Amino acid sequence: MHKTIAEHPTLADKFNQDEERVNWHDETLWWVRAKRDKAAHTLPEWEDLRNLASQIKHNVLSNLSEYLIQFEENALKNGIQVHWAADAQEHNAIVKSILQKHGVTQIVKSKSMLTEECHLNDYLQEEGVEVIDTDLGERIVQLAQEPPSHIVLPCIHKKKEEIGELFHLHLGTPAGNADPQFLTEAARLHLREKFLTRKIALTGVNFAVAETGEFVVCTNEGNADMGAHLADVHIACMGIEKLIPLRQHLGVFLRLLTRSATGQPITTYSSHFKKPRPDQEMHIVLVDNGRSRQLGRKDFRNSLKCIRCGACMNTCPVYRRSGGHSYHNAIAGPIGSILAPNLDMKDYADLPFASTLCGSCSNVCPVKIDIHDQLYKWRQVLVKEGHAPAAKKAAMQGMAFTFSHPAFYRMAGKTGKWFMKTTPFMVNNNFNPWYKQRDMPEPPKESFHDWYKKNRKENGHG
Amino acid sequence: MAMGSREKILEAVKRNQPENTPLPTVPFFEPPFTDSVRKFSEVVQAIGGEVHQVSSYAEINTILKKEFGTKTIFSSAKELAELVQTGLDYKNAHAFADLELAVVEANLAVAENGAVWVTEDLIQERALPFIAQHLALIIPAETIVPTMHEAYGKIGTLDYGFATFIAGPSKTADIEQSLVLGAHGPKSLLVFLIRPL
């Protein structure tokens, strides 16, 4: 038996206890999704761009080893120090060794889902290093001692009153003030002091260009730039799949990224880091952590095309109503549910089942990843490997038996109808998960089987 | 040890990567607008910036003097020398911490998204356009291109240490999706479009 971890349905149940918050979460994300639609519709070539991006990424995947070597060579020529990390542990150790070399115990960090995946903050804190997240949403969840619940909108699950309370406790703002403008100004002052005093800044990477050895970091707040340009050392951490072949391809991806993410035409800052400043040290850490393994899984390798826009989460009816934390993974939602089982099939076996397979995620994906198909395929792999969630397994075995025994199927149907008609309280209660947040349907007067038998005779067929 | 991981990763990637598929060429996409200057101005305003069409640096001088008066201003543009504060150590990025306004000449701009391309050689310090409380960008109107594809066409494989697209003032919507201008960087953005008479 493997260790028992809280699974998606249990964690979603917890989130669902506050119905008002669920509705608000649902509506807020749908509003972001609608903004995405509006932005996409302004470009007549939107579908061509998606195809193009998907094809470029496919070429990247099919030549990834060559592009990695080319990128390394050019980055070294540019004066960037290149490190390779096979897994999260090695990534964290490399970061620590750079801090140690400079005798630094305090750093500022810009948003990086890779460092979340590697649990870098926890690791560094245990090593006595203070990490300050500088993206406002990330700083908020950091103060709340929570992980981000969304890759683009890290504190989308939090109400402004809760944020006001956190700032009152940690930053000394007046109690009861929950005005976003006021709170942002307070965070600006608090973080400016950190930017000006920290010697090492860490950032993520949105795109790295093999042709030139440069990397691009996109933010709206400017926190990556404030960190990197004011620090003596800039460490950039990236998954190996972030490469693109040519600089001109940035034109394709930057057009798609923010329109898909928030509906903006582009992020406020799309910064191209090619060489360190004369007085600065620049490092890049290339991280595998299971990506080469996913590349070998034919059915799932397309997931490595992901550019982390979050569109699949904003549109997902399950994500919107269960919250990012219910996915217990750095990357939540549909794409996270494909990436997570690659990291650990046992621990994340529940996630591909946290989907209605409605296909909305695949429809909005800017690089045309077949997300819902991959979720469906993961279910089959997980069941075959013996990792299916227990309740799902029992239910599926029950269904398999019922569907392969016609007499039992008819009897079960009749019994169900009889129960719903004569003793509705047997199904309209909280023990029945289908009753939650919905009314049970009126049972039909007769089954399809009975209706068909009768009508076939009346129509004189057979 | 690091060498070991490099080989291990490259070997695993090579073993697992699919059969080669060719790199597609990026086609020319006709923009759905004809007046790029107008489109650029509209988008910059929509993302929180302010656009001034001017015919000379003298006009920029006048506008900035009126809006910023005696507040600390820095610019590497010779034509704006009389606005620039003297006696500060502008070789050190940290010295910009209390700067009220940075005025930066830009290379080119993109109509479809209001982004302005600035390379390192046009700013004294990389931090300059981020650390100032307010930012002004100066763009010759004829350098505005319709889309990102044309922008990268012009940028080509140019060598630089650092370059960035700037689209509007620094912003965040992390608190209940309420848009707030001035997260860490400039709270406002002024764009001067120079169109000689």
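Nothing here was measured: the structure is a model prediction, and the numbers come from that model. (Residues numbered from 1 in each chain as written. Chains lettered and ligands numbered in written order. Predicted model: local features only at pLDDT ≥ 70, side-chain atom pairs only at ≥ 80, totals over all residues. Heavy atoms only, no water.)

*Asks:* What is the right way to look at the domain arrangement of chain A in this model?
*Replies:* Many analyses report the size of an interface as the accessible area lost when the parts associate. Each domain of chain A was delimited in the assignment, giving domain 1 (43–289) and domain 2 (391–456). Computed over C-alpha atoms only, the centres of domain 1 of chain A and domain 2 of chain A are separated by 51 Å. (Domains from an automatic or database assignment.)

*Asks:* Would you mind going over the sheet that holds strand β9 (residues 269–273) of chain A with me for this structure?
*Replies:* Backbone-to-backbone hydrogen bonds pair the strands of a sheet. The strands run either parallel or antiparallel. The eight strands lie next to each other as β8(A)-β5(A)-β6(A)-β9(A)-β8(B)-β5(B)-β4(B)-β7(B), forming an open sheet whose pairing is mixed. The sheet is open, and its two borders are formed by β8 (243–244) of chain A together with β7 (144–145) of chain B, each paired with just one other strand. Both strand β5 (residues 207–209) of chain A and β8 of chain A contribute to a ladder of two bridges, which runs parallel. In the strand pairing of β8 of chain A, Ala-208 of chain A is matched with Leu-243 of chain A. Where helix α12 (residues 250–261) of chain A meets the sheet, it contacts β5, β6 (214–219), β8 and β9 of chain A, and its direction lies at approximately 175° from that of β5 of chain A. (Pairing = 2+ DSSP bridges. Helix = DSSP H or I, 4+ residues; strand = E, 2+ residues; numbered from the N terminus. Contact = heavy atoms within 4.5 Å. Axes fitted to C-alpha atoms, helices over the stretch in contact; angles between N-to-C directions.)

*Asks:* Any chance you could explain the pairing of strand β8 (residues 162–166) of chain B here in plain terms?
*Replies:* It is a general feature of regular strands that their side chains alternate between the two faces of the sheet. All names here are of chain B. Most of β8 is tucked away, with five of its five residues classed as buried. For strand β5 (residues 116–119) and β8, the ladder comprises four bridges, and the chain directions are antiparallel. Residue pairing across strands places Thr-119 opposite Ala-163, the latter belonging to β8. (Buried < 20%, exposed > 50% of the residue type's maximum accessible area, 1.4 Å probe, protein only.)

*Asks:* What is the right way to look at the packing of helix α8 (residues 136–143) of chain A against helix α9 (residues 160–171) of chain A in this model?
*Replies:* Each pair of packed helices can be summarised by the angle the axes make with each other and by the distance between the axes. Residue and element names in this part refer to chain A. Between α8 and α9, the least distance of the axes is 10 Å, while the angle of their chain directions is 70°. Between α8 and α9, the interaxial angle falls into the category roughly perpendicular. As for how α8 packs across α9, the hand of that crossing is left-handed. Where α8 approaches α9, its residues Leu-136, Ile-140 and Leu-143 are matched on the opposing element by Ile-163, Leu-166, Phe-167 and His-170. Among the residues making up the contact of α8 with α9, the classes are represented as six nonpolar, one polar and no charged. (Parallel < 35°, antiparallel > 145°, perpendicular 65-115°, else oblique. Left-handed = near helix turned anticlockwise from the far one by under 90°. Nonpolar A, V, L, I, M, F, W, Y, C, P; charged D, E, K, R; others polar.)

*Asks:* Mind showing me how you'd approach the sheet that holds strand β1 (residues 81–85) of chain A here?
*Replies:* All names here are of chain A. Taking strand neighbours across the sheet as the criterion, the six strands line up as β1-β10-β7-β4-β2-β3 in an open arrangement whose pairing is parallel. Of all strands in the sheet, those with a lone pairing partner are β1 and β3 (130–133), marking the two edges. When strand polarity is set aside, the average angle formed by the axes of neighbouring strands in this sheet is 25°. For strand β4 (residues 200–203) and strand β7 (residues 233–239), the ladder comprises four bridges, and the chain directions are parallel. Paired with Ile-200 across the bridge in β7 is Val-233. Helix α5 (residues 88–101) rests against β1, β2 (106–109), β4, β7 and β10 (281–287) of the sheet, and its axis sits at about 145° to β1.

*Asks:* What is the right way to look at the packing of helix α3 (residues 46–62) of chain A against α12 of chain A in this model?
*Replies:* Residue and element names in this part refer to chain A. Remark: α3 packs on α12, axes separated minimally by 10 Å, with the N-to-C direction vectors making an angle of 115°. Where α3 crosses over α12, the two elements pack in a sense that is left-handed. In contact with Trp-46, Leu-49, Arg-50, Leu-52, Ala-53, Ile-56 and Lys-57 of α3, α12 contributes Val-252, Phe-253, Arg-255, Leu-256, Arg-259 and Ser-260. The class makeup of the residues in the contact of α3 with α12 is eight nonpolar, one polar and four charged.

*Asks:* Whenever I open this one, the interface of chain A and chain B confuses me. Can you help?
*Replies:* In this complex, chain A contributes 99 residues to the contact, which on the side of chain B involves 75 residues. Contact between chain A and chain B buries roughly 6900 Å² in total, counting both sides, with carbon and sulfur atoms accounting for 60%. At the boundary of chain A and chain B, one finds six salt bridges. A salt bridge links Asp-159 of chain B to Lys-275 of chain A, with the nearest nitrogen and oxygen atoms 2.7 Å apart. Counting across the interface, chain A meets chain B through 42 residue pairs in polar contact (both at pLDDT 80 or more). The biggest single contributor to the side of chain A that touches chain B is helix α10 (residues 180–197) of chain A, with 10 residues. Among the residues forming the side of chain A that touches chain B, the class breakdown is 45 nonpolar, 27 polar and 27 charged. (Buried area = accessible area lost by both parts, 1.4 Å probe. Salt bridge = Lys/Arg side-chain N within 4 Å of Asp/Glu carboxyl O. Polar contact = N/O pair within 3.5 Å; in protein donor to acceptor, adjacent residues only side chain to side chain.)

*Asks:* Explanation requested: unusual backbone geometry in the structure shown.
*Replies:* Trans peptide bonds make up the majority, and among non-glycine residues the majority have a negative phi. You will see that Lys-368 of chain A, though not glycine, has its phi angle at about 55°, which is positive. The backbone phi angle of Gln-177 of chain B is positive, close to 60°, even though this residue is not glycine.

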